[in-house]
Amino acid sequence: MARHNREGEGEDQHGRRYIIGYQPDWFHQVKVARGLDSGRQSTKILLRNSETPLADPGPRVRTHIAAPELGIEFEVNLRDDRGVVRRIIVETIVPEGEEKGETVSFIVSRIPDTRRSDSRG
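Structural notes, computed from the coordinates. Sequence order as written defines residue numbering, which begins from 1 separately in each chain. Two thresholds apply to this predicted model, a pLDDT of at least 70 for residue-level local features and 80 or more for giving and counting side-chain atom pairs, whereas whole-chain, interface and lining totals are computed over all residues. The side-chain values count all of the structure's non-hydrogen atoms but skip hydrogen atoms and water molecules.

All right, on to the sheet that holds strand E6 (residues 72-79) then. Backbone hydrogen bonds are what pair the strands of a sheet, in a parallel or an antiparallel way. Ordered by their spatial adjacency, four strands build an open sheet running E1-E2-E5-E6, and the pairing between neighbours is antiparallel. Each having just a single partner strand, strand E1 (6-11) and E6 make up the two edges of the open sheet. Adjacent strand axes in the sheet meet at a mean angle of 15° when their direction is disregarded. The rule for pairing is simple: two strands pair if DSSP sees at least two bridges between them. Strands are runs of DSSP state E lasting at least two residues, helices are runs of H or I lasting at least four, and both sets are numbered from the N terminus onward. An axis is simply a line fitted to the C-alpha atoms; with a helix, the fit covers only the stretch in contact. Between two such axes, the angle follows the N-to-C directions and lies from 0 to 180 degrees.

For the rest of this paragraph, the subject is the environment of Arg87. Tracing the backbone through its elements, the reader meets Arg87 in strand E7 (residues 87-93). In this structure Arg87 comes out as exposed when scored by relative accessible area, which is 57%. Spatially, the C-alpha atom of Arg87 lies 21 Å from that of Gly35, the residues being 52 residues apart in sequence. Setting aside residues no more than four positions away along its own chain, Arg87 makes contact with Ile107, Val108 and Ser109. Only protein chains enter the accessibility calculation, which uses a 1.4 Å probe; a residue is then buried when its area is under 20% of its type maximum, exposed when over 50%, and partly exposed in between. Throughout, a residue-residue contact means that at least one pair of heavy atoms, one from each residue, lies within 4.5 Å.

Right, let's get into the sheet that holds E7. Strands sit in the order E4-E3-E8-E7 across an open sheet of four strands; the sheet is antiparallel. Each having just a single partner strand, strand E4 (41-48) and E7 make up the two edges of the open sheet. Strand-to-strand twist across the sheet, computed as the mean angle between neighbouring axes with direction ignored, equals 20°. With seven bridges connecting them, E7 and strand E8 (residues 103-110) associate as antiparallel partners. Each bridged residue has a counterpart across the sheet, and for Ile88 the counterpart in E8 is Val108.

Take the packing of aromatic side chains next. Two rings from Phe, Tyr or Trp (for Trp, the six-membered ring) form a pair when their centres are within 6.5 Å of each other. A pair whose planes differ by under 30 degrees is stacked, one over 60 is edge-to-face, and the rest are tilted. The tally for this structure, following the rule as stated, stands at three aromatic pairs. Ring geometry for Tyr18 versus Phe106: centroids 5.8 Å apart, planes at 70°, classification edge-to-face. Of this pair, Tyr18 sits in strand E2 (residues 17-22) while Phe106 sits in strand E8; the two residues are 88 residues apart in sequence, bridging distant segments of the chain. Each member of the pair, Tyr18 as well as Phe106, is classed as buried. An aromatic cluster is present here, built from Tyr18, Phe74 and Phe106 joined pairwise through their rings.

Structure (structure tokens):
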């Protein structure tokens, strides 16, 4: 049986705070990609899960991300019966404030599967 969700925090390249709710047996890390003043794009790890998986994460995967200063809050829920999803990418637009209209992308990654594939045909 999967364990209850955890909550963590991170800060992006502009010093904005993010709150992440995640499943400890599925979630490896979340990265944020933001544009810089120079016109380039930067990717930064917001949060990395330091816990070792203790159980199968189950068929439903849920991750919640909120950035109160930017007015961004969403939750990704997906059904993954066979455990094939490895990465989820979400692109958002800042809805309000001085950064209104800027694109903020999130890359949510699953804990690498350490089980060996069954090579029998």
